[in-house]
Amino acid sequence: MKKTVLLSGFLAISFILFGCPQVTMLGQIDKETKLEEAVIKGLVGSVVYFKDNLYACDGNIYVKNADAVRGWSKVDAPPGHIIKLAADATNLYAMSVTTDNANKTTKQLHTTTDGKKWDEVSITLASGEEISTIFDTGSAFNADSASGTNSTAYIEIKNGETVSYKQLNGSSTPTPRKTPKSSIVSGEYYAKENSIYKQGEDTSSFISVNKTIHSIALSPDENTLYVATNAGVKSYNVADKTEKTLPGPNAPSMVKSSYNYFAVFAYGDAIYAAPALEGNVGSGVNGLFGYYESRGNWNVE
């Protein structure tokens, strides 16, 4: 049975473009794997499941059938540079960044029920509060997960060092909640700093990664945790908590440990990973890489 695994934890970095490292890296990969024509080329903040489709954002929003090998196409998006997506059973949410003439940056939130018509979500912030990110839990909390009906979407709000969460519910004002323990979550697992925890077993870490964690994804069979870090994508057996090798003969060159990965996602027989070279605007390795068991290797999306 397929399960939806949704991401969060992406740092609000935007407008990172292709540069020389991208050309060098992909040129080296192309010697061993004939690369497809990339559709998604920017810094990817999210890949989410919504109503039988996958959606990804890199400033723009892209969609494809959830079961298809590649097949992404760009769709209409709300105003601004889209940096995060989240979804529940009825709504897809998009967070965007806009900059005015005074160079002031503002985050906005929009939602859609059909992936086409977008409505603004009303967010009321108290003094000192600011929108941090949006994320969702995925649907692995419940056995009926193939439809994604058990995913819950949240907005994270910060006021200095204080963090609060509100559950998103369409275009209505979000409802305050204390349930999430982190904005980096997949099913019953969540991450803080360099460790992964399991809900209900919070006194000690479930897996210590020893790298900065940006995103996690539980595999559909719940046997594997994929972790996007500042030193590549890592894979762990849930049963014995040991690290294992990523699938695909070209994984070492395609999913390099020398690059930051800000997003990871798993659905069906596929794994998706989004790299970026942190701190070098204009020279980042960006885009989305995908592995399909039916294809047997990694390639650009």
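Just above, that's the structure.
Procedures and definitions
Residues numbered from 1 in each chain as written. Predicted model: local features only at pLDDT ≥ 70, side-chain atom pairs only at ≥ 80, totals over all residues. Heavy atoms only, no water. Helix = DSSP H or I, 4+ residues; strand = E, 2+ residues; numbered from the N terminus. Buried < 20%, exposed > 50% of the residue type's maximum accessible area, 1.4 Å probe, protein only. Lys, Arg positive; Asp, Glu negative; His and termini not counted. Salt bridge = Lys/Arg side-chain N within 4 Å of Asp/Glu carboxyl O. Contact = heavy atoms within 4.5 Å. Core = buried A, V, L, I, M, F, W, Y, C linked by side-chain atoms within 4.5 Å. Pairing = 2+ DSSP bridges. Axes fitted to C-alpha atoms, helices over the stretch in contact; angles between N-to-C directions. Phe/Tyr/Trp six-rings, centres within 6.5 Å; stacked < 30°, edge-to-face > 60°.

A. Looking closely at the side chain of Lys198. Its place among the elements puts Lys198 in strand 15 (residues 195-198). There is no salt bridge for the buried Lys198, and the closest opposite charge comes from Glu188, which lies 4.1 Å off by N-O distance. Excluding its chain neighbours within four sequence positions, the residues that come into contact with Lys198 are Glu188, Tyr189, Tyr190 and Phe206.

B. Here's a closer look at the nonpolar core. The biggest cluster of nonpolar side chains holds 19 residues, and the ones touching the most others in it are Val233, Met254, Val255, Tyr261, Val264 and Trp298. Sorting the residues of this core by element identifies strand 18 (224-229), helix 2 (251-254), strand 21 (260-267), strand 22 (270-276), strand 23 (289-292) and strand 24 (298-300) as the ones contributing at least two each. Excluding its chain neighbours within four sequence positions, the residues that come into contact with Trp298 are Thr33, Pro247, Gly248, Asn250, Ala251, Met254, Val255, Ile271, Ala273, Phe289, Gly290 and Tyr291. Ala263, Ala270, Ala274 and Tyr292 belong to the second largest nonpolar core, which has 17 residues in total.

C. Quick look at the sheet that holds strand 23. Strand order in the open sheet formed by four strands is 21-22-23-24, with antiparallel pairing between adjacent strands. With partners counted over all chains shown, the strands left at the sheet margins are strand 21 and strand 24, one partner each. Sheet twist, expressed as the mean angle between neighbouring strand axes with direction ignored, is 25°. Sheet topology note: the strand 21/strand 22 ladder contains seven bridges and is antiparallel. Pairing of Tyr261 across the sheet is with Pro275, part of strand 22.

D. The packing of aromatic side chains, seen in detail. Enumeration according to the criterion identifies 10 aromatic pairs in this entry. Each ring, one from Tyr189 and one from Phe206, has its centre 5.2 Å from the other, and the planes form 50°; the classification is tilted. One end of the pair, Tyr189, is in strand 14 (residues 189-192); the other, Phe206, is in the loop between strand 15 and strand 16 (207-208), and 17 residues separate them in sequence. Its relative accessible area of 9% is what places Phe206 among the buried residues. Taking the centre distance of 5.5 Å and the plane angle of 15° together, the rings of Tyr190 and Tyr197 count as stacked. The pair formed by Tyr190 and Tyr197 is uniform in burial state, with each residue classed as buried. Every member of this aromatic cluster is reached through a ring pair, and the members are Trp72, Phe265, Tyr272 and Tyr292.

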